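Coordinate inspection notes
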Amino acid sequence: MMLDSPVLAGLSPDYFAPSAFAVEVRAGEGCTGAIIEGDVLIAEERSCALHDDLVIVREADAYVLMRAFRVGCRVRYLSMCGGEGMWGGPDRLLGVVVRQIRQY
């Protein structure tokens, strides 16, 4: 993992799992609440998400932050910024968020 964001300054790459990657929340995403622009989310590549996990999902030509909800044996991804959700599988799931880092 490359730690070139100022938010990650001082963290050792050894702190993260080899399958981890970082995503910075862009300005203008329209999200409100616990996740705000400038936050760095650390995610780990996984083949499945558990109920209520924050996940990074492939959607058309972009990667989107969503929340996973288990409905029986299926998973429904719901947008953090409103809008319609989507049914998903391992082919859409890029990673599960395991840590949020914010620079104050």
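One can find the structure itself at the top, above this paragraph.
Residues numbered from 1 in each chain as written. Predicted model: local features only at pLDDT ≥ 70, side-chain atom pairs only at ≥ 80, totals over all residues. Heavy atoms only, no water.

Another aspect to go through is unusual backbone geometry. In this structure, Asp52 takes a positive phi of about 75° despite not being glycine. Topologically, Asp52 is positioned in the loop between strand S2 (40-44) and strand S3 (54-59). Residues other than glycine seldom take positive phi values, yet Ala60 does so here, at roughly 55°. (Helix = DSSP H or I, 4+ residues; strand = E, 2+ residues; numbered from the N terminus.)

Here we have seven strands laid out as an open sheet, ordered S1-S2-S7-S3-S4-S5-S6, and antiparallel in their pairing. For this open sheet the edge positions go to strand S1 (20-24) and strand S6 (86-88), each flanked by a neighbour on one side alone. The mean inter-strand angle of the sheet, taken between neighbouring strand axes irrespective of direction, is 45°. Of the strand pairs in this sheet, S3 and strand S4 (residues 62-71) are connected by six bridges, and their pairing is antiparallel. Bridge pairing links Leu54 to Arg67 in S4. (Pairing = 2+ DSSP bridges. Axes fitted to C-alpha atoms, helices over the stretch in contact; angles between N-to-C directions.)

We describe a pair of aromatic rings using the distance from one ring centre to the other and the angle between the two ring planes. For the structure on display, the rule yields zero aromatic pairs. The lysine or arginine in question, Arg74, covers the ring of Trp87, its NZ or CZ lying 4.0 Å from the ring centre. (Phe/Tyr/Trp six-rings, centres within 6.5 Å; stacked < 30°, edge-to-face > 60°. Lys NZ or Arg CZ within 6 Å of the ring centre and 35° of its normal.)

Mapped onto the elements, Asp53 comes out in the loop between S2 and S3. With no salt bridge to any partner, buried Asp53 finds its closest opposite charge in Arg46, at an N-O distance of 4.6 Å. Beyond its immediate stretch of four places on either side in the chain, Asp53 contacts Met66, Arg67, Ala68 and Val96. (Buried < 20%, exposed > 50% of the residue type's maximum accessible area, 1.4 Å probe, protein only. Lys, Arg positive; Asp, Glu negative; His and termini not counted. Salt bridge = Lys/Arg side-chain N within 4 Å of Asp/Glu carboxyl O. Contact = heavy atoms within 4.5 Å.)

Attention shifts here to the pairing of S2. Across the five residues of S2, four count as buried, placing the element largely inside the fold. In this sheet, strand S7 (residues 93-101) lies alongside S2 in antiparallel orientation, the contact comprising five bridges. Within S7, the position partnered with Val40 by the bridge is Ile101.

One can find Asp39 in the loop between S1 and S2. There is a polar contact of 3.0 Å between the side chain of Asp39 and the backbone nitrogen of Ile36. Among the polar contacts listed, one links the side chain of Asp39 to the side chain of Arg102, at a separation of 2.8 Å. Excluding anything up to four places from it in sequence, Asp39 contacts Val23, Glu24, Val25, Ala34, Gln100, Ile101 and Arg102. (Polar contact = N/O pair within 3.5 Å; in protein donor to acceptor, adjacent residues only side chain to side chain.)

The side chains of a regular strand alternate between both faces of the sheet. With six bridges joining them, S4 and strand S5 (residues 74-79) adopt antiparallel strand pairing. Each residue of the ladder has a partner; that of Arg67, found in S5, is Leu78. Between S4 and S5, which pair antiparallel in sequence order, lie two residues; one of them, Gly72, sits at a positive phi of approximately 65°. In this structure, S5 lies alongside S6, joined through three bridges in antiparallel fashion. By the bridge assignment for S6, Val75 is matched with Gly88. Connecting the antiparallel pair S5 and S6 is a turn made up of six residues, with Gly82 showing a positive phi of about 90°.

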